[in-house]
Amino acid sequence: MEQSFPHSRDTQAVHAGRQDLRDLGVHAAPLDMSTTYPVGDLNEAAEQLDAFASGQLPAGTPIYSRLHNPTVGRFEDAMAQLESGDQGVAFASGMAALTAVFLALAPTHKHVVGVRPLYGGTDHLLSSGLLGCTVSWVEPHQVADAIQSDTGLIVLETPQNPTATLVDIHAVARQAGDIPILVDNTFATPVLQQPLLLGATLVVHSATKFIGGHGDAMGGVVVTSESWAARLRGVRIATGAVLHPFAAYQLHRGLATLPIRVRHMQSSAAELASRLDEHLAVAAVHHPSLLSTDRQDLVGEGRQMSGPGSMLSFELRGGFAAARTVLSELKIMTHAVSLGSTDTLAQHPASLTHRVVDEAGRESGGVNSSLVRISVGLESVEDLWADLSHALDMALLATENHAAPATINRATA
Ligand SMILES: *Cc1c(COP(=O)(O)O)cnc(C)c1O
């Protein structure tokens, strides 16, 4: 990486992975759609193939697009810079990225300590034992007690999906000893938090979310040390969950606007969180801008995050019925799973994203049936509040209408 002076993250977001464009005489990054590449000298190609298979990145022809793709490589370099890590390794989706990490664990170290809640898909992947892993689910302060002789990885998210609650990465790192920590940084993005600087070994993103930022490209990426990256590339070549070059092009393009999107969205999210906190239909609000969520001052003092992010959740006094009413009444916000897009997305985690988690796991992670999750987008915050407060009013009305006959029944019974 040729960088003669330190760049701010905003500048990196625009220029990372594009340093050679001027010399190439182009303005947009080239999109290389080749699946195969002409072989020159056969012996050289054979040696390159060996190097790729062992997870190295040899110079010269990529040989075949499952081994390496230059457009994907640009995106990986950009992510490595933004996350302050050695190397990035990109995958077809966030789940493919997580799968590669779990597959890369040594056969003798397949035990994983997981801090709940995690994204429903991650929770399911670990709980199912599909990849030969066993898992102990814990709260952040119980990590040390859960470590066994065969523990190979500690997995956490912060802010956590879907509750937006925070985990102190430093505090987990102090308990971890030399066991690697994986932090899923999808919610915070490298704009607000760089887990590798706080004691994590691996950072994972569902790039499908904020990184791409427009809801039209799926991908995942791991940023980590050179040696871990080599293992992950080895797994990727063997299993084939490569990122498509066109998606890599879109995700890389998304990075340029990531900082301004994140800052705009999080200021709207903080405003909505404080208004939600006052609404009669709402029992509790979770957003790192609120003291009730940021109990350890991880955002307030900037110890871990430089801002609260744009993911929030709230619980309705009227339970599941009220949550369903709110979601069905929304007109500007899109009732859909996923997050980090330009438009605001709202969903019911217990029914959708976290449906695959067993009920006990959902309850212990705070994913109850009254919880609604919102990914705040780029719309006007006043329009968003008008939409949301109308939906909340409707939920309140429905609860009252429902409650009234019950009161009468009780009086007459
Ligand atoms: C969406 C998501 C994933 C899974 O990523 P995909 O790109 O959908 O495979 C993993 N972690 C978190 C926190 C997510 O929100």
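Here the structure is a predicted model, which means the values were calculated and not measured. (Residues numbered from 1 in each chain as written. Predicted model: local features only at pLDDT ≥ 70, side-chain atom pairs only at ≥ 80, totals over all residues. Heavy atoms only, no water.)

This part covers a nonpolar patch on the surface. On the surface, a nonpolar cluster with roughly 270 Å² of combined accessible area is contributed by Leu 31, Met 33 and Phe 246. With respect to the secondary-structure elements, Met 33 resides in the loop between α2 (21-24) and α3 (42-53). (Patch = residues over 30% accessible without salt bridge, like charges linked within 9 Å, V, L, I, M, F, W, Y side chains within 5 Å. Areas by Shrake-Rupley, 256 points an atom, 1.4 Å probe, with all protein chains shown as cover. Salt bridge = Lys/Arg side-chain N within 4 Å of Asp/Glu carboxyl O. Helix = DSSP H or I, 4+ residues; strand = E, 2+ residues; numbered from the N terminus.)

Moving on, we come to the sheet that holds strand β5 (residues 181-184). Spatial strand order, β1-β7-β6-β5-β4-β2-β3: seven strands in an open sheet with mixed pairing. Two strands in the sheet have a free side with no partner beyond their single neighbour: β1 (87-91) and β3 (134-138). When strand polarity is set aside, the average angle formed by the axes of neighbouring strands in this sheet is 20°. Two elements, strand β6 (residues 202-206) and strand β7 (residues 220-224), share five bridges in a ladder whose sense is antiparallel. Each residue of the ladder has a partner; that of Ser 206, found in β7, is Gly 220. (Pairing = 2+ DSSP bridges. Axes fitted to C-alpha atoms, helices over the stretch in contact; angles between N-to-C directions.)

To continue, consider the site of the ligand. Around the ligand there are 13 residues in total, and Met 95, Asp 184, Ser 206, Thr 208 and Lys 209 lie nearest to it. Note that an oxygen atom of the ligand is positioned 3.2 Å from one of the side-chain N or O atoms of Asn 161. Between the ligand and Thr 208 there is a distance of 2.7 Å, counted from an oxygen atom to a side-chain nitrogen or oxygen. A total of 380 Å² of accessible area belongs to the ligand in isolation, and the protein chains cover 94% of it. Of the residues contributing to the shell around the ligand, the split by class is three nonpolar, seven polar and three charged. (Near = heavy atom within 4 Å. Polar contact = N/O pair within 3.5 Å; in protein donor to acceptor, adjacent residues only side chain to side chain. Nonpolar A, V, L, I, M, F, W, Y, C, P; charged D, E, K, R; others polar.)

Three or more residues of helix α8 (residues 169-176) are buried, namely Ile 169, Val 172 and Ala 176. Buried residues along α8 cover an arc of 65° about the axis, so they all sit on one side. In this structure, the buried side of α8 is in contact with α7 (143-146), β4 (151-157) and β5. Two or three places before His 170, at the start of α8, stands the capping residue Asp 168, its side-chain oxygen 3.1 Å from that residue's backbone nitrogen. At the exit of α8 stands Gly 177, carrying a positive phi of roughly 60°. (Buried < 20%, exposed > 50% of the residue type's maximum accessible area, 1.4 Å probe, protein only. Arc of directions from axis to C-beta. Contact = heavy atoms within 4.5 Å.)

This part is about helix α10 (residues 226-239). For α10, with 14 residues, the first-to-last C-alpha span of 20 Å sits near the 20 Å given by 1.5 Å per residue. For α10, the set of buried residues is Trp 228, Ala 229, Ala 230, Leu 232, Arg 233, Gly 234, Val 235, Arg 236 and Ile 237. On its buried face, α10 is in contact with α3, α4 (70-82), β1, α5 (94-104), β6 and β7. Note on α10: the residue one or two positions beyond its end, Gly 240, has a positive phi of about 85°. (Expected span 1.5 Å × (residues − 1).)

For the rest of this paragraph, the subject is the packing of α5 against α10. Any two packed helices are characterised by how steeply their axes cross, that is the angle between the axes, and by the distance between the axes. In the contact formed by α5 and α10, the axes pass within 9 Å of each other and the chain directions differ by 110°. When the axis of α5 is compared with that of α10, the two are roughly perpendicular. Residues Ala 100, Val 101, Leu 103 and Ala 104 of α5 touch α10, and the partners they reach there are Trp 228, Arg 231, Leu 232, Val 235 and Thr 239. Within the contact of α5 with α10, the residues separate by chemical class into seven nonpolar, one polar and one charged. (Parallel < 35°, antiparallel > 145°, perpendicular 65-115°, else oblique.)

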